[in-house]
Amino acid sequence: MSRRFVAQPLSLAVALCLFVVSSAGADQPKDVRSKDAKPDQVKAEPQQAAPGAPSVPVAAPQAKPKFPPYADVLSGATAMEGFIKLHRKDTKLLAELSPGDLDKDVMVAIAISRGIGQTPLLGGMTWGFGDDWVWQFRKADDRIQIVRRNVRFRAAKGSPQERSVHFAYTDSIMFSLPIVTTGPNGSFVVDLTPVFMSDLPQISAVLPGFGFAGDRSTWAQVKAFRDNVEIEVAATYASGGGRSIDTVADSRGATLYVHYSVSRLPETGYQPRLADDRVGYFLTALKDYSRDGEEDRFIRYVNRWDLRKAEPSAAVSPPVKPLVFWIEKTVPFKYRAAVREGILEWNKAYEKAGFANAIEVRQQPDDATWDPEDISYNTFRWITSSASFAMGPSRVNPLTGQILDADIIFDADFIERWQDYFETERRDAATVALPTTVKLPGLPADPRHNLGDDGDYTRMLGQDLAFGAMALAAPGHPVSKEKLDELFVAGVKSVVTHEVGHTLGLRHNFKSSAYWTMAELNDPEKTKNVGLTASIMDYMPVNISPKGKPQGDYFSRTIGPYDYWAIEYGYKPFSGGTDGEVAELKKIASRSAEPALDYATDGDADGGPDPLVNRHDLSKDTVEFARWRVELINQLMPKLIDDVVAPGEGYQRVRKAFDMLLHQHGIAMGFVSRQIGGIYVNRDHKGDPNARPPLVLVEAAKQRAALEFLEQQVFGPEAYQFPTKLYGYLAPPHWDHWGMRDVRADFPVHNMILGIQDSLLGRLLSPTTLSRLLDSELKAPPEQDLLTASELVHRLTSSIFREVETLEKAKDAKFTARKPAIDSRRRNLQQRYFERLADMAMGNGGAPSECQTMAVVELKNLEPRLNVVAGSVLQLDDATRQHLSDLAARTRKVLNARINLQRP
């Protein structure tokens, strides 16, 4: 190693001495650095030496430290000891990570603690899309990476498949933070400000034109605890101000509070439980590549809480750790009892599964300082957003399915409007125009969290309550104030129980409403211990009977038999290890063919073929339910003016009531239409007691009964005939300010009626319905009766053009503009039906080719009949003659165009 010396004249003796010393160590050159010195810490010789003496080496200047001193960096900072040690300094938030904090899984949960009154940015809303976030802090050189783990794929440790998974899938590096200093115990200090002072939740994706404004965002609060840290940011999103939002003072700066809970993933020895498709739980699905030779590599766990018996050998035991729900202090006093009862209702099911008092309810004290968004607390939250919704989401360990946290949200506007409907009876009974928030474009729907959002349920239930209140207040339906209060409390409890079911892991069961007939569900002796449906997890309308029919409970007052069964599957403890548990679970699930245990959920209701799987219906016979609803609507419609408007009031409520009755009628007809082309879907497994085939065609008699009902109520000449006097009283609101929708002054009756008719035509003539009808011809034996696609199309044509058949037989009839042969409602419907037939004939819309031919035949048969009537000597009114002539001409053009299309 070379050495540096200060240039000085040397004596011969000194030079000889230096030579001897240097030569003695020639094979291993000596270094003046200590043995622990780093290569860049070289010591230099002194710059001066005494005359006649050798120069003496001196230390070189120390290299600049890699990091500034710990004390300097954190000077003036406020330290917070907790799961992660935090330091607040000015506008920065620093985290001090020990080596033990690295490469460990942590859960990150996000919630909107204060919103802007726009869906989905509502105060109390759990925020999450896809799997719940599992993060790790990893060291890479002089930086700390924040990594979101890819938790969906796995293989057995040490197996070749584990190495394959490692090479096939990677985690996502979200942030790479420079280490700003190191602590005395080897810790690493990083600045978390760019992590949380950012659009980490991707809120700008649902606020088009807005971006995160860091210069206007602040730390609302930061708290550290043993197992979690709570960070809340007052996040401002800025825009150019070109868009006005009613609930935001100035759209150039929309501020909402985003709450982050960062917590340890618990290591408690929790045992995941395998899911079964016959029982409706939210799922944690993992793809396991160790399952060699398996048809399905997925492992599916039910999402559930970690409940364990304090006394494992006892038939019924308290849990080691009960599930505690806190009623937030913002819940009004008058609703707290109903909320408490709705939560505790589930203890009935848990007791049957072996747990005594599995759920506890506590009231948050007025002086409590903890936050409802804190993942350590399960809460029932009361918010005000004018969104009329309730929601029961939960946070889940995406590796095991263990539920870690749940927060039920009730919007105060939803409750207050229910109360308004009932307490004011006549005056506001018909109020159905619930204020809705601006629907912002959303992120992709999460398959789990989205299903816990029951905004549609509560909004529809609010309209049902208005409908029921109007019926109860009408003549012949006297009801006391006490009874109304009782009904209201029952309604609150019913929805609370439904939302709690979601937080326990249960999905919707939209087939449970097919448990009773209309007569049975209006027999209180049958329903008092079971409910109106077999599960509280259905969407149930208020059960209102028309005058002259028996009236049962208006709401389900308890959980149903399906709910007991589902809780047993998810929570009942078993002995005998994993194999014993699997065998017992299969035994429980094998009961699925029992009538009370039928299960179908959201995916089945969204376009599925089973006519018994619906939201907001009752009864095992949808036609029967619709008949009761229509009868009630027909009783209410002629009396609207007298029943919903008190002296001295405006007539706006007549318009709202009329709109509501049309809406209720359309919903009921939608249920009926699903019978046509319907297929019963069963989840039974081979070998289950009384197992049914998985797919069963709906009986032809039921399909024809449904079609006949639609012909009478929707597509026939007698449909939608209302008292003409009523139209003059459908007054609009006369207010003109923010929060009020601009509506047409006169009621758009033609558009409303045609909208319902066209929607139902679209369902009946959809490629899916027509294909199912065609497919049924192969799926049924020749001796089985069927409703065919040809019969459906022909009957629709006959019903919709009924007047043509009548006019063909007429001889001396005379018509005028005020008494037309075909009135305007019917002309609208015929024009729209013709357009659908024409599209089908031309191959537009994807209908099966055979059905395209059916449409051509219908048009060919219809054209001469239209021409005959239009050209007859009958004294037709001008509108009818022009209408028929135009349809005949357009039919000819379609037929000619199709001929041209078929040419080579």
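Here the structure is a predicted model, which means the values were calculated and not measured.

Help me out: how do you make sense of empty space enclosed by the protein in this one?
Scanning all chains against the criterion turns up nine cavities of 30 Å³ or more. Of the pockets and cavities examined, the largest cavity occupies roughly 140 Å³. A111, T126, E373, D405 and D407 are the residues nearest the centre of the largest cavity, which is lined by 17 residues in total. Listed by contribution, the elements that provide at least two residues to the lining of the largest cavity are β4 (106-114), β14 (253-264), β21 (394-396) and β22 (403-411). For the lining of the largest cavity, the per-class residue count stands at seven nonpolar, five polar and five charged.

Got a minute to help me understand the packing of helix α22 (residues 789-800) against helix α25 (residues 849-870) in this structure?
The packing of two helices is summarised by the inter-axis angle and the distance between the axes. It is at 10 Å that the axes of α22 and α25 come closest, and there the two elements cross at 30°. On the basis of their axis angle, the class for α22 and α25 is roughly parallel. Along this stretch, α22 crosses α25, giving a crossing that reads as right-handed. Where α22 approaches α25, its residues A789, S790, V793, H794 and T797 are matched on the opposing element by C851, M854 and E858. By residue class, the composition of the contact of α22 with α25 is four nonpolar, three polar and one charged.

So what exactly am I meant to see when it comes to the pairing of strand β19 (residues 378-383) here?
For a regular strand, side chains alternate in direction, first toward one face of the sheet and then toward the other. Within β19, six of the six residues are buried, which leaves it mostly tucked inside the rest of the structure. On β19, burial covers both faces: N378, F380 and W382 on one face and T379, R381 and I383 on the other are all buried. Pairing geometry for strand β17 (residues 323-327) and β19, over three bridges, is parallel. Following the sheet pairing, I327 is matched in β19 by F380. Bridge analysis of β19 against β22 gives five bridges, and the strand direction is parallel. Bridge pairing in β22 places F380 opposite I408.

Help me out: how do you make sense of the pattern of salt bridges in this one?
A side chain of one charge can pair with a side chain of the opposite charge when the charged atoms of the two come close. Scanning all chains against the criterion turns up 46 salt bridges. Its salt-bridge partner being R615, residue D606 comes within 2.9 Å of it at the nearest N-O pair. Residue D606 is classed as exposed on the basis of its relative accessible area, which comes to 52%. Across the pair R692 and D684 runs a salt bridge, and its minimum N-O distance is 2.7 Å. Note on D684: relative accessible area 10%, which makes it buried. Here the residues in one salt-bridge network are D758, R832, E835, R836, D886 and R890, joined through shared partners.

Just checking my understanding: could you explain the packing of aromatic side chains for this structure?
Given two aromatic rings, their pairing is described by the distance between the two centres and the angle made by the two planes. Scanning the model with the defined rule gives 21 aromatic pairs in all. For the pair F658 and F722, a centre-to-centre distance of 5.2 Å together with 85° between the ring planes defines the contact as edge-to-face. Residue F658 is located in helix α17 (residues 652-673), and its partner F722 is located in the loop between α18 (700-715) and α19 (724-727); the two are separated by 64 residues in the primary sequence. An identical accessibility class is assigned to F658 and F722; each is buried. Between F658 and Y727, the aromatic rings sit 6.2 Å apart at their centres with planes inclined by 80°, giving edge-to-face as the arrangement.

Reading the values: the criteria
Residues numbered from 1 in each chain as written. Predicted model: local features only at pLDDT ≥ 70, side-chain atom pairs only at ≥ 80, totals over all residues. Heavy atoms only, no water. 1 Å grid on protein atoms, 1.4 Å probe; cavity = no way out; pocket = protein on both sides within 12 Å on 5 of 7 lines; lining within 4 Å. Points joined across faces, edges and corners; volume = space filled by probe spheres on them. Helix = DSSP H or I, 4+ residues; strand = E, 2+ residues; numbered from the N terminus. Nonpolar A, V, L, I, M, F, W, Y, C, P; charged D, E, K, R; others polar. Axes fitted to C-alpha atoms, helices over the stretch in contact; angles between N-to-C directions. Parallel < 35°, antiparallel > 145°, perpendicular 65-115°, else oblique. Left-handed = near helix turned anticlockwise from the far one by under 90°. Contact = heavy atoms within 4.5 Å. Buried < 20%, exposed > 50% of the residue type's maximum accessible area, 1.4 Å probe, protein only. Pairing = 2+ DSSP bridges. Salt bridge = Lys/Arg side-chain N within 4 Å of Asp/Glu carboxyl O. Phe/Tyr/Trp six-rings, centres within 6.5 Å; stacked < 30°, edge-to-face > 60°.

From the geometry alone we can't say anything about function, so treat these as descriptive.
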